[in-house]
Amino acid sequence: MYRLLIPSLGGRLLRAAGRCCWVSSAPWIPGPQGSRASEVKAQPIRVPPPGRGPGLLPLLAALAWFSRPADTGEEQQQAEDAADETEAQIIQLLKRAKLSIMKDEPEEAELILHDALHLAYQSDNKKAIIYTYDLMANLAFIRGQLENAEKLFKATMSYLLGGGMQQGESITSSEEGLQEDNAIIEISLKLASIYAAQNRHEFALAGYEFCISTLEEKIEREKELTEDILTVEEKVNTYLLLGMCLDAYARYLLFSKQPSQAQRMYEKALQISEEMLGDRHPQNDMHKQKRSTRKH
């Protein structure tokens, strides 16, 4: 709209200037590409009587204002188009990386993910950075590269928290409110599993208990929230994440020679699975098998 207004207002000002006076020389106005427009002969200047009208200078000033190269937003549009193109490239790289993981080609997947991360940093695409770090962390975890996986999961968490958590901080020290986000809790659960595999039992225990207690408190507070505030799907996802945490904690307790406590965690996980997924869901059979095995 601004671009459309410029020529029309400029034309009106020129016509208004022509009615008030005539220029004595042959001025020129730059053409569309900066070329000199054809010179127009004009009559000698006729100065308006004193006190009648503002004269030519204010009109020329106004004309100069409206004739300035306008910030049409073309550069902004070009930047947005470039960002969209880069994002499409990142998505394509991430798809290729996931395909390589499925084909059991971890080295190829890692190279592709590094390319995706480089593009994400170049374009300052924080969502792409978070998603790529998370994929890299999961890949390292699958390959048994636990130290690297820990660093990558912490980097992912740091970006999710907007830089609010420094490297090496406890997973329970994230900012209040954000620490209840399901994505943060899921990463915390993975970190707890890493600590358990590394026999860092103090960190592992703190991690599992943080995940479970945080989710239980969150679920209790959100019970009365209506669907326009929190959807049923979001509530179900939180319950299922709690079941996942209970199952992981049960495995850790069993490994730590605490079968009775492990049994209680498995039973809680089974109850959540049956309530959220139904009695006949295949996942329930897995929980029942674990529970019956622990009893014997």
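- Within an unreviewed UniProt entry, the label attached to the protein chain reads Tetratricopeptide repeat protein 19, mitochondrial isoform X6, and the organism entered is Erinaceus europaeus.
- Taken directly from UniProt, the Sequence similarities (unreviewed entry) text for the protein chain runs: "Belongs to the TTC19 family."

### Here we look at the nonpolar core
- Counting 56 residues, the largest nonpolar core has Tyr 208 and Cys 245 as the members making the most contacts within it.
- Mapped by element, the contributors of at least two residues to this core are helix H3 (74-102), helix H4 (106-122), helix H5 (126-142), helix H6 (146-160), helix H7 (182-197), helix H8 (201-222), helix H9 (232-255) and helix H10 (259-277).

### Brief notes about the pattern of salt bridges
- Applying the stated criterion across every chain, the model contains 9 salt bridges.
- Among the ionic pairs, Glu 150 bridges to Lys 154, the shortest N-O distance being 3.1 Å. Linking Glu 150 with Lys 154, this pair stays in helix H6, spanning 4 residues, or about one helical turn.
- Judged by its relative accessible area of 10%, Glu 150 is buried.
- The exposure class of Lys 154 is buried, given its relative accessible area of 8%.
- A salt bridge links Glu 150 to Arg 200, with the shortest nitrogen-to-oxygen separation between them at 3.1 Å. In this pair, Glu 150 is assigned in helix H6 and Arg 200 in the loop between H7 and H8, connecting sequence segments 50 residues apart.

### Side note on the side chain of Asn 125
- With respect to the element layout, Asn 125 can be found in the loop between H4 and H5.
- Here the side chain of Asn 125 touches Glu 87 through a polar contact of 3.1 Å, side chain to side chain.
- Ignoring anything within four residues of it in the chain, the contact list for Asn 125 reads Glu 87 and Ala 120.

Criteria and thresholds
- Residues numbered from 1 in each chain as written.
- Predicted model: local features only at pLDDT ≥ 70, side-chain atom pairs only at ≥ 80, totals over all residues.
- Heavy atoms only, no water.
- UniProt positions renumbered as here; feature names shortened; annotations may be inferred.
- Core = buried A, V, L, I, M, F, W, Y, C linked by side-chain atoms within 4.5 Å.
- Buried < 20%, exposed > 50% of the residue type's maximum accessible area, 1.4 Å probe, protein only.
- Helix = DSSP H or I, 4+ residues; strand = E, 2+ residues; numbered from the N terminus.
- Salt bridge = Lys/Arg side-chain N within 4 Å of Asp/Glu carboxyl O.
- Polar contact = N/O pair within 3.5 Å; in protein donor to acceptor, adjacent residues only side chain to side chain.
- Contact = heavy atoms within 4.5 Å.

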